[in-house]
Amino acid sequence: SLTSQVRRASFVTLVLFLFATSVALEDSDRPQTFSYLSAMLAVAVIEYSVRSGKKWTLFLNAPLMLLASNVHGGYVVGCMFMAIYSACALFEKRLLPFKRHLILGSAAAFLVSYINPNHWRSFYEILYQGEMALYLQQVFEYRSPFSTLPVSLSNPGWLSYWLLVLLSVPAIIHHIINRRWS
């Protein structure tokens, strides 16, 4: 059935994500994994809320982003995902009934993320193009995935990463065709 195919595809994608993340973090001592996990959990909370019809669960992203912002500056990825969902709620049919709660829940998650030692410095570093530009070019999370191409071609462990990137192309096409921008 279609449901079991979607579950299998989701499982394969999750496994590839875990392999890609473990390879990408092989030589790292920073907890980016928690940033990716919190971003995925933020999306999972939104999708669960939409599918179950429980609007109040959208506010669970606030404590999630509070925790994530105190673990790693990459929590901005989760905040960006929530902003995308909030923007899509203005015109995407399946999100329209959740528009108010989604926008309020995302705003609450963004506001509580300020309660960390760096406040909203991560956003500033991403957006600022002055003397911080060199810093942004050196931090892996702020670079294009294709900038890893020279490194990844010399290391077969990166195959799972590129499979994940390739899998995202048909998924994006499918969602555009079905008008599911979020």
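## Thoughts on the overall build of the protein
The number of helices and strands found in the protein is nine helices and zero strands. Helices and strands in the protein line up, N terminus first, as α-α-α-α-α-α-α-α-α. Sorting the 182 residues of the protein into buried and exposed places 31% on the buried side. Partitioning the intrachain contacts of the protein with sequence separation of at least 6 by distance along the chain shows that 58% fall at a separation of at least 24.

## Focus: the packing of helix H4 (residues 76-88) against helix H5 (residues 99-112)
H5 packs onto H4 with a crossing angle of 160° between their chain directions and a minimal axis gap of 9 Å. In terms of axis orientation, H4 runs roughly antiparallel to H5. Note on packing geometry: the crossing formed by H4 with H5 is left-handed. Within the contact between the two elements, H4 uses Cys79, Met82, Tyr85 and Ser86 and H5 uses Leu102, Ile103, Ser106, Ala109 and Phe110. Taken together, the residues that form the contact of H4 with H5 break down as seven nonpolar, two polar and no charged.

## A closer look at the packing of aromatic side chains
A complete count under the given rule lists two aromatic pairs for this structure. Judged by centre distance (4.6 Å) and plane angle (10°), the rings of Phe110 and Trp120 are stacked. Pair noted here: Phe110 is in helix H5 and Trp120 is in the loop between H5 and helix H6 (121-127), with a separation of ten residues, a long-range link. For Phe110, a relative accessible area of 31% puts it in the partly exposed group. Among the residues examined, Trp120 registers a relative accessible area of 28% and is labelled partly exposed. One aromatic cluster in this structure is built from Phe110, Tyr114 and Trp120. In this structure, Lys55 packs its charged tip against the face of Phe98, placed 5.8 Å from the ring centre.

## Overview of the confidence of the model for the protein
Per-residue confidence for the protein gives a mean pLDDT of 77; residues scoring 70 or more make up 71%. Least confident of the elements in the protein is helix H7 (residues 133-138), whose mean pLDDT is 60; most confident is H5, at 92.

## Notes on the pattern of salt bridges
Going through the model one piece at a time under the given rule, you end up with three salt bridges. Put simply, Arg51 and Glu47 hold a salt bridge, and the shortest N to O gap is 3.6 Å. Of the two residues, Arg51 and Glu47 both sit in helix H2 (residues 32-52), four residues apart, roughly one turn of that helix. Its relative accessible area of 11% is what places Glu47 among the buried residues. Of the charged contacts in the structure, one is a salt bridge between Arg94 and Glu92, with a shortest N-O distance of 2.8 Å. Relative accessible area serves as the criterion here: at 22%, Arg94 is assigned to the partly exposed category. Residues joined in a network through salt bridges with shared partners are Glu47, Arg51, Glu92 and Arg94.

## Focus on the nonpolar core
Ile46, Met65, Tyr75, Cys79, Met82, Leu95 and Leu102 are the most contacted members of the largest nonpolar core, which totals 19 residues. Listing elements by their share of this core, those giving two or more residues are H2, helix H3 (61-69), H4 and H5. Of the residues forming this core, the biggest block, five residues, is contributed by H4. Those residues in contact with Met65 that lie beyond four places of it in its chain are Ser38, Ala42, Tyr75, Gly78, Cys79, Met82, Ala109 and Ser113.

How each quantity is defined
- Residues numbered from 1 in each chain as written.
- Predicted model: local features only at pLDDT ≥ 70, side-chain atom pairs only at ≥ 80, totals over all residues.
- Heavy atoms only, no water.
- Helix = DSSP H or I, 4+ residues; strand = E, 2+ residues; numbered from the N terminus.
- Buried < 20%, exposed > 50% of the residue type's maximum accessible area, 1.4 Å probe, protein only.
- Contact = heavy atoms within 4.5 Å.
- Axes fitted to C-alpha atoms, helices over the stretch in contact; angles between N-to-C directions.
- Parallel < 35°, antiparallel > 145°, perpendicular 65-115°, else oblique.
- Left-handed = near helix turned anticlockwise from the far one by under 90°.
- Nonpolar A, V, L, I, M, F, W, Y, C, P; charged D, E, K, R; others polar.
- Phe/Tyr/Trp six-rings, centres within 6.5 Å; stacked < 30°, edge-to-face > 60°.
- Lys NZ or Arg CZ within 6 Å of the ring centre and 35° of its normal.
- pLDDT = per-residue confidence, 0-100.
- Salt bridge = Lys/Arg side-chain N within 4 Å of Asp/Glu carboxyl O.
- Core = buried A, V, L, I, M, F, W, Y, C linked by side-chain atoms within 4.5 Å.

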